[in-house]
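# Observations on the model geometry
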Amino acid sequence: MASEPQEVQVRAGVAGDLDALTELYNHYVRETPITFDTTPYTPEGRRPWLLSYPEDGPYRLLVAQESPGGPILGYATSSRLRPKAAYATSVETTVYCAADAGGRGVGTLLYKALFEILAQQDVHRAYAGITQPNEASYRLHRRFGFEPLGTYHEVGRKFGRYWDVAWYEKRLS
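So, here's what we can say about the structure. The numbers attached to residues start from 1 for each chain and follow its sequence in the written order. Thresholds applied to this predicted model are a pLDDT of at least 70 for local features of residues and 80 or more for the giving and counting of side-chain atom pairs; totals over whole chains, interfaces and linings are not thresholded and use all residues. Values reported for side chains reflect all heavy atoms of the structure, with hydrogen atoms and water molecules removed beforehand.

## So, the packing of helix H3 (residues 106-118) against helix H4 (residues 135-143)
Here is the rule we go by: Think of each axis as a best-fit line through the C-alpha atoms, taken over the contacting stretch in the case of a helix, with angles from 0 to 180 degrees between the N-to-C directions. Helix and strand definitions here come from DSSP, where helices need a minimum of 4 consecutive H or I residues and strands a minimum of 2 consecutive E residues; each element is numbered from the N-terminal end. Note on convention: near helix rotated counterclockwise from far helix by under a right angle means a left-handed crossing. Clockwise means right-handed. Throughout, a residue-residue contact means that at least one pair of heavy atoms, one from each residue, lies within 4.5 Å. By the convention adopted, Pro, Cys, Tyr, Trp, Phe, Met, Ile, Leu, Val and Ala count as nonpolar, Lys, Arg, Asp and Glu as charged, and the other residues, Gly among them, as polar.
One way to put it is that H3 packs onto H4 with a least axis distance of 11 Å and a crossing angle of 35 degrees. Taken as a pair, H3 and H4 cross one another with a handedness that is right-handed. Across the interface between the two elements, Gly 107, Thr 108 and Tyr 111 from H3 touch Leu 140, His 141 and Arg 143 from H4. Class assignment of the residues belonging to the contact of H3 with H4 gives a composition of two nonpolar, three polar and one charged.

## Some thoughts on a nonpolar patch on the surface
The condition is simple: Note that patches include only residues with greater than 30% relative accessible area and no salt bridge, and the join distances are 9 Å for like charges and 5 Å for nonpolar side chains (Val, Leu, Ile, Met, Phe, Trp, Tyr). Computed with the Shrake-Rupley method and a 1.4 Å probe, the accessible areas treat only the protein chains shown as cover for residues. The working definition used for a salt bridge is a side-chain nitrogen of Lys or Arg within 4 Å of a carboxyl oxygen of Asp or Glu. Note on classification: 1.4 Å probe, protein chains only; a residue is buried when its accessible area is under 20% of the maximum for its type, exposed when over 50%, partly exposed between these limits.
A grouping of Phe 36, Tyr 152 and Val 155 is seen on the molecular surface, where their side chains present a nonpolar patch of about 280 Å² in accessible area. Within the secondary structure layout, Tyr 152 lies in strand S6 (residues 147-158). On the basis of relative accessible area, Tyr 152 is assigned to the partly exposed category, the value being 45%.

## Comments concerning the pattern of salt bridges
When charged atoms on two side chains of opposite charge get close, those side chains can pair. With the rule as written, the count across this model stands at seven salt bridges. One salt bridge in this structure joins Asp 17 and Arg 11, with 2.8 Å as the shortest N-O distance. Residue classification places Asp 17 among the buried positions, given a relative accessible area of 5%.

## Digging into the nonpolar core
General note: in soluble globular proteins, nonpolar side chains tend to be found buried as a group. Quick reminder of the rule: The nonpolar core is taken to be a set of buried Ala, Val, Leu, Ile, Met, Phe, Trp, Tyr and Cys residues, with the residues joined through side-chain atoms within 4.5 Å.
Core analysis: the largest hydrophobic core is formed by 41 residues, its most contacted members being Leu 21, Tyr 75, Tyr 111 and Phe 146. Sorting the residues of this core by element identifies helix H1 (18-31), helix H2 (43-51), strand S2 (60-66), strand S3 (72-80), strand S4 (90-97), H3, strand S5 (125-131) and strand S7 (161-171) as the ones contributing at least two each. Sorting elements by how many residues they give to this core places H3 first, with eight residues. Setting aside residues no more than four positions away along its own chain, Phe 146 makes contact with Thr 93, Tyr 111, Phe 115, Ala 126, Tyr 127, Ala 128, His 141, Tyr 168, Glu 169 and Lys 170.

## Things to note about the layout of surface pockets
Space left empty within the atom packing is revealed by a probe, the size of a water molecule, rolled over the atoms. This is how the line gets drawn: Lining residues are those with an atom within 4 Å of a point, where the points come from a 1 Å grid over the protein atoms alone and group into cavities, where a 1.4 Å probe fits but cannot get out, or pockets, open sets with protein on both sides within 12 Å along at least five of seven lines. Grid points are joined across faces, edges and corners, and a volume is the space filled by probe spheres set on the points.
The space that makes up the largest pocket amounts to roughly 1,200 Å³. In terms of lining residues, the largest pocket is bounded by 45 residues, among which Ile 34, Thr 94, Val 95, Tyr 96 and Ser 137 are the most central. For the lining of the largest pocket, the per-class residue count stands at 23 nonpolar, 15 polar and seven charged.

Below, the structure written as structure tokens:
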């Protein structure tokens, strides 16, 4: 007898998510060029990242989880683009899905919730960098209205080769 698919809920990330979020991210560190981190994190090493996201304001961490109490399927963030004050109305967004959650619409659910929050904030633009090639991320960002800005060519080296990062922009206000 096949189990019924579970409902996916999107909620704010909390300290109790740290182990699962670290494991999810470390897959991308170890196996893909999608992140330019090259050394996997321990949960304690990742704790400052998690704690940098408040419960309100433009910088958020959202988690998609099979409910009730099921596995974390992915997360999305909006972060400070640059530290200088004039950049305060711009954010960088990102989304990571669990390796076995691809094609389930998790990224879409996360970005939908994130952009609903950002619509209520003093945020003018969102930016996203996508290591090339990454067709799934490209399609997701285009679906949410991101437009291409340009490409940093061979900007990162991982797994013995150089990778390009294409940058995208979304107008929010």
